Amino acid sequence: AFRPGPWLGASAYAGRHTVAKNMRRFKTLVRRKSTRGRNPHCLPNAFLTTTTYDNGILQMNIFSLQSQVVYGHVGNSAAIFPLQRLGHEVWGIPTVLFSNHPKHEGFRGRVVDPAQIRDLAQGLDEQGCLRRCDAVLSGYLGNMESGQAVQEAIRMARTGNPGLIVCCDPVMGH
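Everything quoted here is computed from the prediction, not taken from an experiment. Numbers given for residues are sequential positions, taken from 1 along each chain in its written order. The predicted nature of this model means local features are confined to residues of pLDDT at least 70 and side-chain atom pairs, given and counted, to a pLDDT of 80 or more, with totals for whole chains, interfaces and linings taken over all residues. The side-chain values count all of the structure's non-hydrogen atoms but skip hydrogen atoms and water molecules.

Trainee: Help me out: how do you make sense of helix 2 (residues 76-85) in this one?
Mentor: Owing to its 3.6 residues per turn, the α-helix aligns residues three or four sequence positions apart on the same side. Of all the residues in helix 2, the buried ones are Asn76, Ala79, Ile80 and Leu83. Mapping the buried residues of helix 2 onto a view down its axis gives an arc of 90 degrees, with all of them on the same face. Away from its buried face, by an angle of more than 90 degrees, helix 2 presents the exposed residues Phe81 and Arg85. Should any heavy atoms of two residues lie within 4.5 Å, those residues are considered in contact. Where helices and strands are cited, they refer to DSSP runs of H or I of at least four residues and of E of at least two residues respectively, numbered from the N terminus. The elements touched by buried residues of helix 2 are strand 3 (61-69), strand 4 (89-98) and strand 6 (135-138). In the segment just after helix 2, Gly87 is the residue with positive phi, at about 95 degrees. When accessible area is computed with a 1.4 Å probe and restricted to protein chains, residues below 20% of their type maximum are described as buried, those above 50% as exposed, and intermediate ones as partly exposed. The arc under discussion is defined with respect to the helix axis, by the directions toward the C-beta atoms.

Given below as structure tokens:
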């Protein structure tokens, strides 16, 4: 059976209840993409072109564009490791680099330059990664320009896979 990770839609200050809710949301998304008469936990090939199954578990290539913190577990800092432990290939690009969550007093760091986000996404595309991408997770965006860079990265990935699943948690600013 497909076991999704606790990453989707989790805002930068999620918590366990939000993670569980987002897991249910992803299962619902997967069921909607399925066709009648098929296992509701498996996406048809039209939606996932490069996925594989390992011991009956769906393995995906996931492109994650979210915040990253040094202290704490939010954004890419919370998403990448659990997804990898579930057997998924995850390519993470940070949209911001902070010492800790901005809700806590005294955080340091800055928004990643949108040109760098574009450059890193272009590098993944040149390596052929984005053509194999099954899903994109986007999260915390430090400014509007970062949002535009993330949108361009999603367009690049969608060029290689028109059935790309995009899960967006539109968190802006701090």
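Moving on from the model shown.
Trainee: How do you make sense of the nonpolar core when you look at a structure like this?
Mentor: Looking at soluble globular proteins, one finds that nonpolar side chains tend to be buried together. Nine residue types can take part in a nonpolar core, namely buried Ala, Val, Leu, Ile, Met, Phe, Trp, Tyr and Cys, and a core is a set of them joined through side-chain atoms within 4.5 Å. Ranked by size, the top nonpolar core spans 20 residues in total, and within it Phe63, Leu65, Ile93, Leu124, Cys133 and Val136 carry the most contacts. Looking at this core, the elements with two or more residues in it are strand 3, strand 4, helix 3 (114-126) and helix 4 (144-160). The element that contributes the greatest number of residues to this core is helix 4, accounting for 6 residues. The contacts of Val136, once residues within four sequence positions are left out, are Phe63, Leu65, Ile154, Ala157, Leu164, Ile165, Val166 and Cys167. In this structure, Val90, Ala135, Leu137 and Cys167 belong to the second largest nonpolar core, which totals 11 residues.

Trainee: Is there a simple way to think about the confidence of the model for the protein chain in this case?
Mentor: When pLDDT is low, close inspection of the predicted coordinates is not appropriate. Confidence of the predictor at the level of single residues is captured by pLDDT, which takes values from 0 to 100. Mean pLDDT over the protein chain: 77, with 66% of residues reaching 70 or higher. When mean pLDDT is compared element by element in the protein chain, helix 3 scores highest at 97, while helix 1 (residues 16-33) scores lowest at 50. Contacts for the low-pLDDT stretch residues 1-17, under 50 throughout, to residues beyond four places or in other chains number 45 contacts. Scored below 50 in pLDDT, residues 30-49 makes 30 contacts in the model with residues more than four places away or belonging to other chains.

Trainee: Sorry, what's going on with the pairing of strand 7 (residues 165-168) here?
Mentor: Along any regular strand, the residues point their side chains to alternate faces of the sheet. A one-sided burial pattern is seen for strand 7, the buried positions being Ile165 and Cys167 and the unburied ones Val166 and Cys168. Summarising the sheet, strand 6 and strand 7 pair through 4 bridges and their orientation is parallel. Opposite Ala135, over in strand 7, you have Ile165 as the bridge partner. With the strands pointing away from the viewer, any crossover whose connection runs clockwise from the first strand over the helix to the second is right-handed. Running through helix 4, the crossover from strand 6 to the neighbouring parallel element strand 7 is right-handed. Two strands are counted as paired when DSSP detects at least two bridges linking them.

Trainee: It is not clear to me how the environment of Gly72 should be interpreted in this structure. Could you clarify?
Mentor: Relative to the elements of secondary structure, Gly72 occurs in the loop between strand 3 and helix 2. Residue Gly72 is classed as partly exposed on the basis of its relative accessible area, which comes to 31%.

Trainee: Can you help me understand the pattern of salt bridges in this one?
Mentor: Think of it this way: side chains of opposite charge can pair up when their charged atoms draw near. Salt bridge, as used here: a side-chain nitrogen of Lys or Arg that lies within 4 Å of a carboxyl oxygen of Asp or Glu. Applying the stated criterion across every chain, the model contains 1 salt bridge. The shortest N-O distance in the salt bridge between Arg118 and Glu152 comes to 2.8 Å. Note that Arg118 is positioned in helix 3 and Glu152 in helix 4, a separation of 34 residues in sequence.

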